[in-house]
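Architecture at a glance
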Amino acid sequence: MIPVWAQFVYLLCAVGFILALKGLSGPKTARTGNLIGAAAAVVACALPFFYLEDMKNVPLILVAIAVGTVGGVYGARTVQMTQMPQMVALFNGVGGGAAALVALLELDEILPFGESIGWFVLAATAFTIVVGSVSFAGSVVTFAKLQDLMTSRPVVFPGLPIAFAGVAIASIALSVVLVEGPAMWVGIVLALLGLAFGLLLVLPVGGADVPIVISLLNAFTGLTVAAGGYVLSNTVLLVAGTLVGASGTFLTLLMAKAMGRSVPNILFGALKGGSTLGGGEASDRPVRSVGPEDAAISLAYADRVIIVPGYGLAVAQAQHTLRELVDVLVERGAQVDYAIHPVAGRMPGHMNVLLAEAQVPYEQLREMDEINGDFKETDVVLVVGANDVVNPAAKTSPGAPIYGMPILNVDEARQVIFMKRSMRPGFAGIENELLFDERTSLLFGDAKDTMGKLLSAVKAL
């Protein structure tokens, strides 16, 4: 039984999580919010050592904390910002897997009490086991897709819908069995079914939709933690899990709305088939190619310029040179803004953080809905490392996997300079007709090297 004073401290930790979430809603307060949330988590983890008199396996617990701390510090200091979505996916998966394991251990603890355990506790335990396992397996797949350990394109096979439905029905049926007659073997089979469900859920998702799935799985993990908090009668787990589940759900819906699609379509759209156009292969169609000097002339004499940054910009670490280029153009009297798509980068806010690293003024970052009407009056649009978020196929090709996704209206500008390493398609694996538009010029090369040459050429004019 948790003493009253400990419950009060847990409540304060829960308030800290709420304040942290509030702080993370804005760039100016995000750092403070993150520190408050981290401090509340540390206190919540340390608290059991002060009120539990018969804590078991203390050495193992301390070793686990030490390993987790070392892993967390190492990840925070060594993982590049461009790889942050992969780390988020892994951490989220670990959270879901941990919740499932805790639920299995709790099931083992309550089995001797048999029918005296309320049905709702058993239902919450079954829910935690299944959904936590789904989150773990699904997050591993999203990590593999983002890390290029497997293809980012949808992975489907004959009979996938039947297998998916079969696993779902079996999970529901065994959950009922667990509630009616709790047994450890039922919990273990439920965990295995959850792992299979997670794999079958995420494999058919295409690369462009992976960020939304990460957000959805994050919501799953939050819900499992909340359910686990109910089973363990732990206030801080219940509140923290509810916060993560609710915020993850809202974020998922907002991202899906930003892409003009529903969550079921994102998850199951590939099962209906459809074209992938370029199929992930580099195109051999002729394009108009220019050098840094020609591109510099277009930029130097433009009154209105819009920059469309993408994930390729960050991978090449070219954001610092890009900021210098923008500073030069602004000094010469040009109006320059950055157009930020809601899913630019690999997750919401990812591109904003990457540009903040280069000390880009936040007021220069304009969201898609705010800036889309300006492209018609723009002299030059410089696309750096982006592809899918400017692909007109989202508006013109019903068979494309990104069809219906709102895009930046770059195709309406007077001139487009498209910086690319090669003609390979973007993360969605489809060809971009904007590359072949008569108003588009392609500037090939590594983004950092080419951006440096472009900056030098503009300064020389």
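Residues numbered from 1 in each chain as written. Predicted model: local features only at pLDDT ≥ 70, side-chain atom pairs only at ≥ 80, totals over all residues. Heavy atoms only, no water.

Tallying secondary structure elements over the chain gives 18 helices and six strands in all. Taken against the 2.2 N^0.38 rule, which gives 23 Å for 461 residues, the C-alpha radius of gyration of the chain at 25 Å falls within 12% of a compact globule. Based on the C-alpha atoms only, the size of the chain along its principal axes is roughly 80 × 50 × 35 Å. Across the 461 residues of the chain, 49% fall into the buried class. Contacts in the chain between residues at least 24 apart in sequence constitute 79% of all its contacts with a sequence separation of at least 6. Charge centroids of the chain, computed over 27 positive and 35 negative side chains, lie 4 Å from each other. (Helix = DSSP H or I, 4+ residues; strand = E, 2+ residues; numbered from the N terminus. Rg over C-alpha atoms; globule rule 2.2 N^0.38 Å. Buried < 20%, exposed > 50% of the residue type's maximum accessible area, 1.4 Å probe, protein only. Contact = heavy atoms within 4.5 Å. Lys, Arg positive; Asp, Glu negative; His and termini not counted. Charge placed at Lys NZ, Arg CZ, Asp CG, Glu CD.)

The subject of this paragraph is helix α1 (residues 4-23). Under the 1.5 Å per step criterion, the end-to-end length of α1 is 29 Å for 20 residues, consistent within 8% with the ideal 28 Å. Inspection of α1 places Ala6, Tyr10, Cys13, Ala14, Gly16, Phe17, Ala20 and Gly23 among the buried residues, and these make up the whole buried set. (Expected span 1.5 Å × (residues − 1).)

On to helix α6 (residues 119-146), then. In this model α6 runs 40 Å from its N-terminal to its C-terminal C-alpha over 28 residues, within 8% of the 40 Å that 1.5 Å per residue would give. The buried fraction of α6 amounts to 21 of the 28 residues, a majority that puts the element mostly inside the structure. Asp148 sits one or two residues past α6 and shows a positive phi near 60 degrees.

So, about the environment of Pro264. Here Pro264 shows up in helix α11 (residues 263-268). By relative accessible area, Pro264 is classed as partly exposed at 49%. Each C-alpha atom of the pair Pro264 and Met150 lies 23 Å from the other, and the pair is 114 residues apart in sequence.

Below, the discussion takes up the packing of helix α5 (residues 84-110) against helix α9 (residues 210-232). For the pair α5 and α9, interaxial distance at closest approach is 9 Å and the crossing angle is 25 degrees. Accordingly, the angle class assigned to the pair α5 and α9 is roughly parallel. Seen along the crossing, α5 lies across α9 with a hand that is left-handed. Side by side, α5 and α9 meet where Pro85, Val88, Ala89, Asn92, Gly95, Gly96, Ala99, Val102 and Glu106 of the first sit next to Ile214, Leu217, Asn218, Thr221, Thr224, Val231 and Leu232 of the second. (Axes fitted to C-alpha atoms, helices over the stretch in contact; angles between N-to-C directions. Parallel < 35°, antiparallel > 145°, perpendicular 65-115°, else oblique. Left-handed = near helix turned anticlockwise from the far one by under 90°.)

It is worth spelling out the packing of aromatic side chains at this point. Applying the stated criterion to the full structure yields five aromatic pairs. Relative to Tyr51, the ring of Trp5 has its centre 6.4 Å away and its plane inclined at 85 degrees; by these criteria the two rings are edge-to-face. Within this pair, whereas Trp5 is found in helix α1, its partner Tyr51 is found in helix α3 (residues 48-51), the two being separated by 46 residues in sequence. Classification of Tyr51 as buried rests on a relative accessible area of 13%. Between the aromatic rings of Trp119 and Phe120, the centroid separation amounts to 5.5 Å while the plane-to-plane angle is 85 degrees, which identifies the pairing as edge-to-face. Joined through ring pairs, the aromatic side chains of Trp5, Tyr10 and Tyr51 make up one cluster. (Phe/Tyr/Trp six-rings, centres within 6.5 Å; stacked < 30°, edge-to-face > 60°.)

Counted residue by residue, strand β4 (residues 380-384) has five buried out of five residues, so it is predominantly covered. Along β4, one buried face is formed by Val380, Leu382 and Val384 and the opposite face, lined by Val381 and Val383, is buried too. By the bridge criterion, four bridges tie β4 to strand β5 (residues 416-420) in an arrangement that is parallel. Each residue of the ladder has a partner; that of Leu382, found in β5, is Ile417. (Pairing = 2+ DSSP bridges.)

For the rest of this paragraph, the subject is the nonpolar core. Ranked by internal contacts, the top residues of the largest apolar core, which has 39 residues, are Leu299, Leu322, Leu325, Tyr338, Leu382 and Leu454. For this core, the element with the most residues is helix α18 (residues 447-460), which contributes six residues. Excluding residues that lie within four positions of it along the chain, Leu382 makes contacts with Leu299, Ile306, Ile307, Val308, Leu322, Leu325, Ile417, Met419 and Leu454. In terms of nonpolar packing, the next biggest core, distinct from the first, is built from 38 residues, Val134, Leu160, Phe197 and Val205 among them. (Core = buried A, V, L, I, M, F, W, Y, C linked by side-chain atoms within 4.5 Å.)

Here we take up the pattern of salt bridges. A side chain of one charge can pair with a side chain of the opposite charge when the charged atoms of the two come close. By the definition in use, this model includes 12 salt bridges. One connected set of salt bridges, linked through shared partners, spans Arg304, Asp337, Arg366, Glu370 and Asp374. (Salt bridge = Lys/Arg side-chain N within 4 Å of Asp/Glu carboxyl O.)

Moving on to the sheet that holds β5. Hydrogen bonds along the backbone pair up the strands of a sheet, which may run parallel or antiparallel. Sheet architecture is open: six strands sit in the order β3-β2-β1-β4-β5-β6, paired in parallel fashion. Each edge of the sheet is formed by a strand with only one pairing partner; in this case those strands are β3 (365-367) and β6 (440-444). The average undirected angle you get between the axes of adjacent strands in this sheet is 25 degrees. Relative to strand β2 (residues 335-340), strand β1 (residues 304-309) is paired through four bridges, and the arrangement is parallel.

Now for a nonpolar patch on the surface. A cluster of nonpolar residues, Trp5, Phe49, Phe50, Ile61, Leu62 and Ile65, forms a patch on the protein surface that exposes about 590 Å² of accessible area. Those elements giving two or more residues to the nonpolar patch turn out to be α3 and α4 (58-78). Looking at the nonpolar patch element by element, the count peaks at three residues for α4. Among the residues examined, Trp5 registers a relative accessible area of 43% and is labelled partly exposed. (Patch = residues over 30% accessible without salt bridge, like charges linked within 9 Å, V, L, I, M, F, W, Y side chains within 5 Å. Areas by Shrake-Rupley, 256 points an atom, 1.4 Å probe, with all protein chains shown as cover.)

Taken N-terminus to C-terminus, the directions of α1 and helix α2 (residues 30-46) make an angle of 160 degrees; their axes are 7 Å apart at the nearest point. Taken together, the axes of α1 and α2 lie roughly antiparallel to each other. Where α1 crosses over α2, the handedness of that crossing is left-handed. Where α1 approaches α2, its residues Val9, Tyr10, Cys13, Gly16, Phe17, Leu19, Ala20 and Gly23 are matched on the opposing element by Ala30, Gly33, Ile36, Gly37, Ala40, Ala41, Val43 and Ala44.

All right, on to the confidence of the model for the chain then. Overall, the prediction assigns the chain a mean pLDDT of 86, with 92% of residues at 70 or greater. Contacts for the low-pLDDT stretch residues 274-279, under 50 throughout, to residues beyond four places or in other chains number 17 contacts. (pLDDT = per-residue confidence, 0-100.)

Within the element layout of this structure, Asn352 appears in helix α15 (residues 350-357). On the accessibility criterion, Asn352 (13% relative accessible area) is buried.

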